[in-house]
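# Observations on the model geometry
Spelled out from the first residue to the last, the chains are:
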Amino acid sequence: MSEFFQTLQSDFIKCFITKSRWKLIWDGLGATLQITLFACLMGIAIGLVVAVIRSTYDKYGKEMRNPLGKALLSVTNFFCNIYLTVIRGTPVVVQLMIMYYIVFASSRNSVMIAVVAFGINSGAYVAEIYRSGIMSIDQGQVEAGRSLGFGYIRTMMYIVFPQAFKSVLPTLANEFIVLLKETSVAGYVAIQDLTKGGDIIRGATYETFMPLLTVAAIYLVLVIFFTRLVSILERRLRNSER
Amino acid sequence: MNDNVIIKTENLCKYYGKDIHALENVSAEIKKGEVVVVIGPSGSGKSTFLRSLNLLEDATSGKVFFEGVDITDPKVNINLHRQKMGMVFQQFNLFPHMTVLKNLTLAPTKLKGMKAKEAEELALKMLEKVGLADRANAYPSQLSGGQKQRVAIVRALCMSPEVMLFDEPTSALDPEMVGEVLSVMKNLAKEGMTMVVVTHEMGFAKEVADRVIFMAEGSIVEQGTPEEIFSNPKDERTQGFLKSVLNV
């Protein structure tokens, strides 16, 4: 038994202490969180716009009276649909590589490229989550807002979104967790994220057990932490209803 | 146009598809200070008519004039006109994610630029009038149906509208709560508010209405004082309808 712990100890020193290899994990964690956070924000922004366009078109597209507005809405809705189809129809690794090698071929700021790639990817899924939330809000809420004199956008802002957000929060949180883990493919485009950091240690030390399980454990702790955070938020928001 | 007329409709038609005619050439006038009650069997188009007055329902053809302005004109900013037309719904439609007070102050602060404190004072004063001052910080889910509807009425009143539209305000209520909502509406009528009320409460129509409109199959069949309509209905359909609702 003591032998086992001794091996464990020497493995640990070899993997993390020697040559300050823990820095690979630490910096990788930073990159992973950075990419996840900014991609998430970007996804939320893109998702919101796409969801509003799509749900507005679904509800009012056919009966809008202003011909210019109707045409504009149809065209933007069309592009939103293309966006959703393409992004959801191709693997995120491929999208990431297209961004890195084709779209931003001249840039070497790979973290920024990853943020954009994952943000655009996440936006497509978030859009559909939001849309389901918007659609779930009773039409009477919109009518009440409009009858008071709020325009469509402000009715959405003050009345529909806050309620829709609340109802999709668990799904949205799940998307964030999926995103956090999906960023582990960032190593494909020479980003040293958490996964890549562990992999570099594995390559340098020929140790597999210690670095890979450590990386897995860190992901797990992160996910548990964020899940807790969301359930606290959810409970706070729920206080007002039911 | 007569100065006293606040809302006027001209040949209002609403078709769903080709076959369903919810409104058929409805022309009507609502005068300032008048309480008009619209009655009729279900499917007669009375709710559609009411909802066309503030364009929640987009009429297929015809015009709606509000304070002399044709609000069906696409160039008109309908949001500005709606601020002056309060509406109360059958399903209350309070905002569930806000307290009662927030429900009441949202529109005055955001649309009229009223200061938060000023709006709150107004809201509390209005709540007092309907006997709900102590529920200002409750959420809608904590209120009874009758309380919700009274709050909804106050929400519309906080915008100081020129006219109030009621779309079957008591139809979703338990019977014992109908009275409290009707009494709020009666007080409102006494204060001289212009009201258009779609309802099945014949007692309210008799007692409060200046004019009763009877609709059937998307058209106005007959209108007159409550006396004329209830005691001496001329059209066969009015007679049949009144017989069925009054003799239950």
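Rules behind the numbers
- Residues numbered from 1 in each chain as written.
- Chains lettered and ligands numbered in written order.
- Predicted model: local features only at pLDDT ≥ 70, side-chain atom pairs only at ≥ 80, totals over all residues.
- Heavy atoms only, no water.
- Helix = DSSP H or I, 4+ residues; strand = E, 2+ residues; numbered from the N terminus.
- Rg over C-alpha atoms; globule rule 2.2 N^0.38 Å.
- Buried < 20%, exposed > 50% of the residue type's maximum accessible area, 1.4 Å probe, protein only.
- Contact = heavy atoms within 4.5 Å.
- Areas by Shrake-Rupley, 256 points an atom, 1.4 Å probe, with all protein chains shown as cover.
- Lys, Arg positive; Asp, Glu negative; His and termini not counted.
- Charge placed at Lys NZ, Arg CZ, Asp CG, Glu CD.
- Salt bridge = Lys/Arg side-chain N within 4 Å of Asp/Glu carboxyl O.

With that out of the way, let us pick up the overall build of chain A. Across its full length, chain A carries nine helices and zero strands. The C-alpha radius of gyration computed for chain A amounts to 23 Å, which surpasses the reference 18 Å derived for 242 residues by more than 25%, pointing to a less compact arrangement than a globule. When its C-alpha atoms are laid out on the principal axes, chain A stretches across 75 × 50 × 25 Å. Residues counted as buried form 46% of the 242 residues belonging to chain A. Looking at chain A alone, contacts between residues at least 24 apart form 77% of all its contacts between residues at least 6 apart. When the accessible surface of chain A is totalled, it reaches about 12,900 Å², and 68% of it is carbon and sulfur. The distance from the centre of the 23 positive side-chain charges to the centre of the 15 negative ones in chain A is 6 Å.

Two side chains of opposite charge can pair, provided their charged atoms sit close to one another. Applying the stated criterion to the full structure yields 17 salt bridges over all chains. One salt bridge in this structure joins B:Lys186 and B:Glu207, with 3.4 Å as the shortest N-O distance. Residue B:Lys186 is located in helix α6 (residues 175-190), and its partner B:Glu207 is located in helix α7 (residues 202-208); the two are separated by 21 residues in the primary sequence. In this structure B:Glu207 comes out as exposed when scored by relative accessible area, which is 57%. A salt bridge links B:Glu217 to B:Arg237; the shortest N-O distance between them is 3.6 Å. Residue B:Glu217 is located in the loop between β9 (211-216) and β10 (219-224), and its partner B:Arg237 is located in helix α9 (residues 236-246); the two are separated by 20 residues in the primary sequence. Salt bridges linked by common partners bring A:Arg54, A:Asp58, A:Glu128 and A:Arg131 together as one network.

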